[in-house]
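This is what each chain is made of:
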Amino acid sequence: MMTTLGKILMRAALIVVLLWLLFPIVMPLSIAFSESEAIAFPPKGFTLKWFYNVFEYESFVEGFKLSTTIALLASLIATLLNVPVSYILTRFNVPYRKVIERVFDLPILVPQIVLSFALLIFIVKLMHITSFVALLIGHIIIVYPYAMRTVYAGLSNFNPEIEDAAVSLGASRLRAFFQIVVPNIKESVLGAFISSFMISFNAVAISLFLGVGNVFTLPVAMLNFLVMKWDPTISALSFMLVIFTLTLSYLSEKFIGLAGGR
Amino acid sequence: MVYLQLENIWARYSRRGPYVLKGININVKRGEILALLGPSGCGKSTTLKVIAGFVTPTKGRVLIDGKDVTPIPPNRRNIGIVFQSYALFPHMTVFQNVAYGLTLRRMPFSEIRRKVKEVLELVGLSGLENKYPRELSGGQQQRVALARALAIEPKIMLLDEPMSNIDPILRSRLRSDLKGILKKLNITTVYVTHDRDDAFEIADRIAIMKDGVIEQVDTPERLFNKPKTRFVAEFVGVENTFKLEFKNVEETDDHLVVNPASEVYIVLPKHKLSKDILYFGIRPEKLIISIKKPEKPPYIKGRVVVKAFKGVISRFVVETAIGNMVVHTPSGIRNINVGDVVYLSYNIDDILLFSR
């Protein structure tokens, strides 16, 4: 039994924590609508000019295009590579499976800055691959473990007897894979794709290290902007990015939720 | 006429792993239902996988209708399987599930529709064509799995513990339905189970397996009355099996009276005895329990430790000098209770003897 006072205190604590989390995000975003030239709180008046400004600034537009392209390609490749790898790991008696799974998790466990540095040395300095391709390879490595977690879970939850049933009815292994396994794991594959996309889109360190030359992803372009200028355009862009990411995470949760609820 | 034949099958799951099957020989006649009965880990499911082609034996052959099918992959054996989990395709309707094997055979759609209708009628599922597996009860799912396997008109039907996910109250009815269908189609069947009632109700013959070896293959009646080994005996309900200690043996014209402990007299018929006999057993329902000491052997003295009413019968556990013995008697005995000293006697012909 909890006293009334206890209940009130619990609720108050909850509200304080929520505000603590939300305020630092909401406050700078509100500046996006401020008429003032400076990044200052509270915002004055209401305008949408900073939003127009975002589209006028070429580095942001190019950065968004590059980030989206890299994220789409990296997630697509990582997810597609993942399906057969996870399939083999879940279905066959692979020696040292536990060790292999850990290795695939390494890009999550190693600090991103260390990984980025390592990839810079390996991809750019040793293999002499530069710019776009280097960036793409780096992003594939970064997102692979995230894609793997979802696809792997989807495949391990799928009863292998169902596949054997198709084979006993006359299907080849390949046909059973495409007609029976794939339709039943497509939610986890889609979920893996969306979460990889978000990881890649938001990755800063890897893009800073590998984006040698003139290729700047959106997060890098934003950093560069802050170094030179200090006006609410950045707030407007942040506002749009928050909406973008929230939409994606809503979609991914919906798909992963579907995959898990089977 | 032998239709399915397993010849000295040896199998294991990894190259250096232990053998799961150690020389399995089975003959199943055309139209016969053979049950593989055994505890978990005895190799019965592996045997099924060898017949289906999912496990390749390291040694031995599988023959169907005299033809060696060992090198043929599972998708070209034309064997119907009902899996323990039913393994229905979750993204397909009942119709699509049942039609799947026929579609693969490139049958014209009108014929597929006719065939699906026919097998769904046979298993009593007409009208559920457009339902998805998750919308069906366990019993209905089992029937879809059966219909899907029957649709391809398989040479052989394999069933892997199909009753384990079914409510016990429904099991008996589903077993007779299943047996009715299999017999009507005269289909050669191998039925894997760890449940004795399952095997006894469904099978024409039962193969009892233990540690990758077949202990005995016989009709349910013969298994019940003449189990060959102690393990088989225990599996078919001979709850009382003991090692024989030939101490204080007295010989009469046609009997041997063994008296290993005070007031324990085991009488063995001489014509059943051979040199290698090591164990004896007796069914719980063949023991007679009484407070009065019988006039002459065989009898075994003991004390009641458990009395349980089970409906038609009551179950007593009696502690004796050679171990606990289980007695089943028709219910209604009121004068024997826990703690009472009792005497267990039996008909000498009911004693079972085993060499292992």
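What you see as residue numbers is a count from 1 along each chain, following the sequence as written. Chain labels run from A onward and ligand labels from 1 onward, assigned in the order the entries are written. Per-residue local features are limited, in this predicted model, to residues with pLDDT of at least 70; the limit for side-chain atom pairs, both in listing and counting, is 80 or more; totals at the level of whole chains, interfaces and linings are taken over all residues.

This paragraph deals with the overall build of chain A. What counts as a helix is a DSSP run of H or I of at least four residues, what counts as a strand is a run of E of at least two, and both are numbered from the N terminus. When helices and strands are counted, chain A shows 11 helices and zero strands. Along chain A, from the amino end to the carboxyl end, the secondary structure elements read α-α-α-α-α-α-α-α-α-α-α. What the globule rule says is 2.2 Å times the number of residues to the power 0.38, and the radius of gyration is computed from C-alpha atoms. Taken against the 2.2 N^0.38 rule, which gives 18 Å for 262 residues, the C-alpha radius of gyration of chain A at 23 Å runs more than 25% over that of a compact globule. C-alpha atoms of chain A, sized along the principal axes, occupy 70 × 65 × 30 Å. Whether a residue is buried, exposed or partly exposed is read from the other C-beta atoms within 10 Å of its own C-beta, which are placed from the backbone; 20 or more gives buried, 12 or fewer gives exposed, and intermediate counts give partly exposed. Each of the 262 residues in chain A was classed as buried or not, and the buried ones make up 36%.

Next up on the list: the pairing of strand β13 (residues 255-261) of chain B. All names here are of chain B. When DSSP finds two or more bridges between two strands, those strands count as paired. Judged from the two bridges that link them, strand β12 (residues 250-251) and β13 form a sheet pairing that is antiparallel. Across the sheet, the residue bridging to Glu250 is Val257, located in β13. With antiparallel pairing between neighbouring strands as the criterion, β12 and β13 make up a hairpin whose turn holds three residues. As defined by bridge partners, β13 adjoins strand β14 (residues 264-269) across five bridges and the pair is classed as antiparallel. Across the sheet, residue Val258 finds its bridge partner in β14, namely Ile266.

Residue and element names in this part refer to chain B. Note that domain bounds follow an automatic or database assignment of domains. Under the domain assignment used here, chain B contains domain 1 (2-235) and domain 2 (240-354). Here domain 1 and domain 2 have C-alpha centroids that lie 40 Å from each other. Contact residues are listed per partner, giving five residues for domain 1 and five residues for domain 2. Ten residue types, Ala, Val, Leu, Ile, Met, Phe, Trp, Tyr, Cys and Pro, are classed as nonpolar, four, Asp, Glu, Lys and Arg, as charged, and the remainder, Gly among them, as polar. When its residues are assigned to classes, the side of domain 1 that touches domain 2 shows two nonpolar, one polar and two charged. Contacts here follow a simple rule: the backbone-placed C-beta atoms of the two residues must lie within 7 Å.

Our focus in this paragraph is the interface of chain B and chain A. Accessible area lost upon the coming together of the parts is a frequently used measure of interface size. Each side of the interface is counted separately: chain B has 18 residues, and chain A has 17 residues. Secondary-structure elements contributing two or more residues to the side of chain B that touches chain A are β6 (79-82) and α2 (94-104) of chain B. Looking at which element gives the most residues to the side of chain B that touches chain A, the answer is α2 of chain B, with three residues. Classifying every residue of the side of chain B that touches chain A by side-chain character gives 12 nonpolar, five polar and one charged.

Residue and element names in this part refer to chain B. Of the pairings in the sheet, the one linking strand β1 (residues 2-11) to strand β4 (residues 59-64) comprises five bridges and is antiparallel in character. Residue pairing across strands places Trp10 opposite Lys59, the latter belonging to β4. In the sheet, β4 pairs with strand β5 (residues 67-68) via two bridges, with the strands oriented antiparallel. Note that in β5 the partner of Leu63 across the bridge is Asp68. Remark: two residues form the turn of the hairpin made by β4 and β5, two consecutive strands paired antiparallel; Asp65 in that turn has positive phi of roughly 55 degrees.

Looking now at the packing of helix α7 (residues 160-168) of chain A against helix α8 (residues 173-202) of chain A. Residue and element names in this part refer to chain A. Axes here refer to lines fitted to C-alpha atoms; in helices the fit is confined to the stretch in contact. Angles between the N-to-C directions go from 0 to 180 degrees. At their nearest, the axes of α7 and α8 sit 9 Å apart, and the two run at 125 degrees to each other. Relative to α8, the element α7 lies oblique. When the axes of α7 and α8 are compared, the crossing they make is right-handed. Residues Ile162, Glu163, Ala166 and Val167 of α7 form the contact with α8, whose participating residues are Arg173, Ala176, Gln179, Ile180 and Val181. Taken together, the residues of the contact of α7 with α8 sort by class into six nonpolar, one polar and two charged. Put simply, angles under 35 degrees are roughly parallel, angles over 145 are roughly antiparallel, angles from 65 to 115 are roughly perpendicular, and the rest are oblique. Crossing handedness is defined as follows: a turn of the near helix away from the far one that is anticlockwise and smaller than a right angle gives a left-handed crossing, while the clockwise case is right-handed.

Residues and elements named next belong to chain B. Across the sheet, which stays open at both edges, the four strands sit in the order β2-β1-β4-β5 with antiparallel pairing between neighbours. Sheet topology places β2 (21-29) and β5 at the edges, where each strand pairs with a single neighbour. Packed on one face of the sheet, helix α1 (residues 44-52) meets β1, β2 and β4 and runs near 65 degrees to β2.

All names here are of chain B. Expected span, for any helix, means 1.5 Å times one less than how many residues it has. With 14 residues, helix α4 (residues 138-151) ought to run about 20 Å at 1.5 Å a step, and its terminal C-alpha atoms sit 20 Å apart, in line with that. Here α4 lies mainly inside the structure; 11 of its 14 residues are buried. Its buried side turned inward, α4 meets β6, α2, α3 (109-122) and β7 (156-160). The first or second residue beyond α4 is Glu153, which carries a positive phi of 45 degrees.

Before going further, it helps to examine unusual backbone geometry. Residues and elements named next belong to chain B. A positive phi angle, near 70 degrees, is found at Tyr86, a position not held by glycine. In this structure, Tyr86 sits in the loop between β6 and α2. The class for Tyr86 is buried, based on 24 C-beta atoms found within 10 Å. Despite not being glycine, Asp211 has its phi angle at roughly 50 degrees, a positive value. Inspection of the secondary structure assignment puts Asp211 in the loop between β9 (205-210) and β10 (213-218). Since 16 C-beta atoms lie within 10 Å of it, Asp211 is described here as partly exposed.

Known as pLDDT, the predictor's confidence for each residue is given on a scale from 0 to 100. The share of residues in chain A with pLDDT of 70 or more is 95%, and the mean pLDDT across the chain is 85. Taken element by element, chain A is modelled with least confidence in helix α11 (residues 233-260) of chain A, mean pLDDT 78, and with most confidence in α7 of chain A, mean pLDDT 95.

To continue, consider the domain arrangement of chain A. All names here are of chain A. When cut into domains, chain A gives domain 1 (1-47) and domain 2 (49-260). The partner domain 2 presents 10 residues to the eight residues of domain 1 that form the contact. Of the residues assigned to the side of domain 1 that touches domain 2, the class counts are five nonpolar, two polar and one charged.

Listed in full, the buried residues belonging to α2 of chain B are Val94, Asn97, Val98, Ala99, Tyr100, Gly101 and Leu102 of chain B. Against the buried residues of α2 of chain B lie α7 of chain A together with α3 and α4 of chain B.

A word on the confidence of the model for chain B. Detailed conclusions should not be drawn from predicted coordinates in areas where pLDDT is low. Residues with a pLDDT of 70 or more make up 100% of chain B, whose mean pLDDT is 90. Among the prediction metrics, the complex's ipTM stands at 0.84, with pTM recorded as 0.81.

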